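A structural walkthrough
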Amino acid sequence: MKIIDWNDFIDKNNYIKEPASVTIGTFDGLHKGHIHLLSKLFTPEIEEKVVFTFKENPAWFFHKKNFPGDIYTLSQKIDAFNKAGITTIVLIDFSSDFSKLKGNYFISCIIDHLNLIKMVIGEDFKCGKDNDTTVDKFFDLFKQSQVILEIEKRQPLNGFPISSTIIRESINKGKIDQAEQMLEFGYAVDLNNLDIKQENKYYYIYKNQTRQVLPDNGRYNLNILKDNMASREEVVIDNTFLKWFKKAK
């Protein structure tokens with residue numbers, strides 16, 4: 001899987017010549033609705049399955065103080081895309097300058113730098129400054145081209161809607177099993193690259209080291225990622241720390 005920075009992607013010398021399908025989104029925790037959307041990128045004649053997504057959640061850029069937390073870290077998200085069979089990720093560094101781009105300009109950059117055969121987006125997708133480009137405008141953008149535009153509806157699970165908001169709420173309430181039913185690749189607290197400290201009976205981190213959404217204060221059995229290895233641990237969360245107990249050797 002290739003990972004390309006947005007600024008490199010729009011370089012005048014860059015062009016992906018292989019037939020490509022594209023989708024765009026934040027994809028904060030790949031849930032089963034996302035997987036349904038991604039599956040539409042796969043057809044026999046298309047070689048490149050390309051996802052345009054963000055290094056940082058745009059909601060965090062606009063609402064840092066009230067941001068409820070990431071479901072997946074960037075490394076978890078990249079790993080999930082790889083497992084889902086995506087061949088190329090274009091990572092956008094959401095900034096003040098990028099937030100001012102018009103949606104039609106953003107889409108024109110995509111069209112100009114790859115051999116676009118198919119674009120797949122969700123029915124409530126919006127992009128551009130002040131969300132100026134909605135699904136209806138996508139039809140106008142592509143009506144003179146041969147590009148296939150496919151609009152996907154939200155996918156339910158057992159008759160109930162799936163969304164990142166619902167998953168966050170489930171995690172925060174400690175309903176990890178409920179969240180994992182919606183997430184294609186489960187939920188884990190990513191401790192890679194964090195400053196992990198030790199006491200006699202347990203390891204711990206300061207909660208403010210991570211921007212992931214965590215369960216409310218309490219004791220839980222959670223998956224944690226440490227040194228790129230996943231393990232199920234008994235975890236205690238309070239106002240300041242996330243602690244897990246050392247296993248007996």
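Everything discussed here concerns the structure shown above.
Residues numbered from 1 in each chain as written. Predicted model: local features only at pLDDT ≥ 70, side-chain atom pairs only at ≥ 80, totals over all residues. Heavy atoms only, no water.

1. Things to note about the sheet that holds strand E9 (residues 189–190)
Quick reminder of the rule: Paired strands are those between which DSSP finds at least two bridges. Going along the chain from the N terminus, every DSSP run of H or I of four or more residues is numbered as a helix, and every run of E of two or more is numbered as a strand.
Spatially, E9-E12-E13-E14-E11-E10 is the arrangement adopted by the six strands of the open sheet, whose pairing is mixed. Looking at strand neighbours, the two that pair on one side only are E9 and strand E10 (197–198), the edges of this open sheet. As paired elements, E10 and strand E11 (residues 202–206) share two bridges and run antiparallel to each other. Looking at the pairing, Gln198 lines up with Tyr203 of E11.

2. Thoughts on the sheet that holds strand E4 (residues 88–92)
The condition is simple: Lines fitted to C-alpha atoms define the axes, with helix axes restricted to the stretch in contact, and inter-axis angles between N-to-C directions lie between 0 and 180 degrees. Only heavy atoms enter the contact rule, under which two residues are in contact if any of them lie within 4.5 Å.
Taken in spatial order, the six strands line up as E1-E4-E3-E2-E5-E6 in an open sheet, and their pairing is parallel. Looking at the sheet topology across the chains shown, the edges are occupied by strand E1 (2–5) and strand E6 (148–152). Sheet twist, expressed as the mean angle between neighbouring strand axes with direction ignored, is 25 degrees. Relative to E6, strand E5 (residues 114–122) runs parallel, the two sharing five bridges. Looking at the pairing, Met119 lines up with Leu149 of E6. Those strands touched by helix H2 (residues 32–39) are strand E2 (16–24), strand E3 (48–54), E5 and E6, and its axis lies near 145 degrees from that of E5.

3. So, the environment of Thr73
The test is simple: Any pair of nitrogen or oxygen atoms within 3.5 Å is treated as a polar contact; in protein, a donor-acceptor pairing is required on top of that, and neighbouring residues in sequence qualify only through side-chain atoms on both sides.
Secondary-structure assignment places Thr73 in the loop between helix H3 (58–62) and helix H4 (74–83). A C-alpha to C-alpha distance of 7.0 Å links Thr73 and Asp190, two positions 117 residues apart in sequence. When near neighbours in sequence (up to four residues on either side) are disregarded, Thr73 contacts Asp190 and Gln212. Side chain to side chain, Thr73 and Ser75 meet in a polar contact 3.2 Å long.

4. Some details on helix H6 (residues 103–112)
Put simply, the test is: Categorising residues by exposure relies on relative accessible area from a 1.4 Å probe, with only protein chains included: less than 20% of the type maximum marks a residue as buried, more than 50% marks it as exposed, and the intermediate range marks it as partly exposed. It is the directions from the helix axis to the C-beta atoms that the arc portrays.
All buried positions along H6 are accounted for by Gly103, Phe106, Ile107, Cys109 and Ile110. Along the axis of H6, the buried residues cluster in a sector spanning 150 degrees; they form a single face.

5. Looking at the environment of Leu91
Here Leu91 shows up in strand E4. Apart from residues no more than four positions distant in its own chain, Leu91 is found in contact with Ile3, Ile4, Asp5, Trp6, Thr53, Phe54, Lys55, Leu74 and Ile78.

6. Here's the deal with the pattern of salt bridges
A side chain with one charge can pair with a side chain of the opposite charge if their charged atoms come near. The line we're drawing: Whenever a carboxyl oxygen of Asp or Glu lies within 4 Å of a side-chain nitrogen of Lys or Arg, that contact is scored as a salt bridge.
For the structure shown, the criterion picks out 13 salt bridges. Notably, a salt bridge pairs Glu18 with Lys17, separated by 3.5 Å at the nearest N-O pair. In this structure Glu18 comes out as partly exposed when scored by relative accessible area, which is 25%. Here the salt bridges share partners, and the residues they tie into one network are Glu56, Asp70 and Arg211.

7. With respect to the packing of aromatic side chains
So the rule is basically this: Two aromatic rings, drawn from Phe, Tyr or Trp (for Trp, its six-membered ring), form a pair once their centres lie within 6.5 Å of each other, and the interplanar angle then sorts them: stacked below 30 degrees, edge-to-face above 60, tilted otherwise. Think of it as a cone above the ring: NZ of Lys or CZ of Arg counts as a charge over the ring if it is within 6 Å of the ring centre and within 35 degrees of the ring normal.
Tallied over the entire structure, the rule returns 21 aromatic pairs. Aromatic ring contacts, followed pair by pair, group Trp6, Phe9, Phe52, Phe54, Phe61, Phe62, Phe94, Phe98 and Phe106 into a single cluster. Arg211 extends its terminal NZ or CZ atom over the ring of Trp60, reaching a point 4.1 Å from the ring centre. A cation sits over an aromatic face here: Lys226 above Tyr203, 5.5 Å from the ring centre.

Bear in mind that shape data such as this cannot, by itself, settle questions of function.
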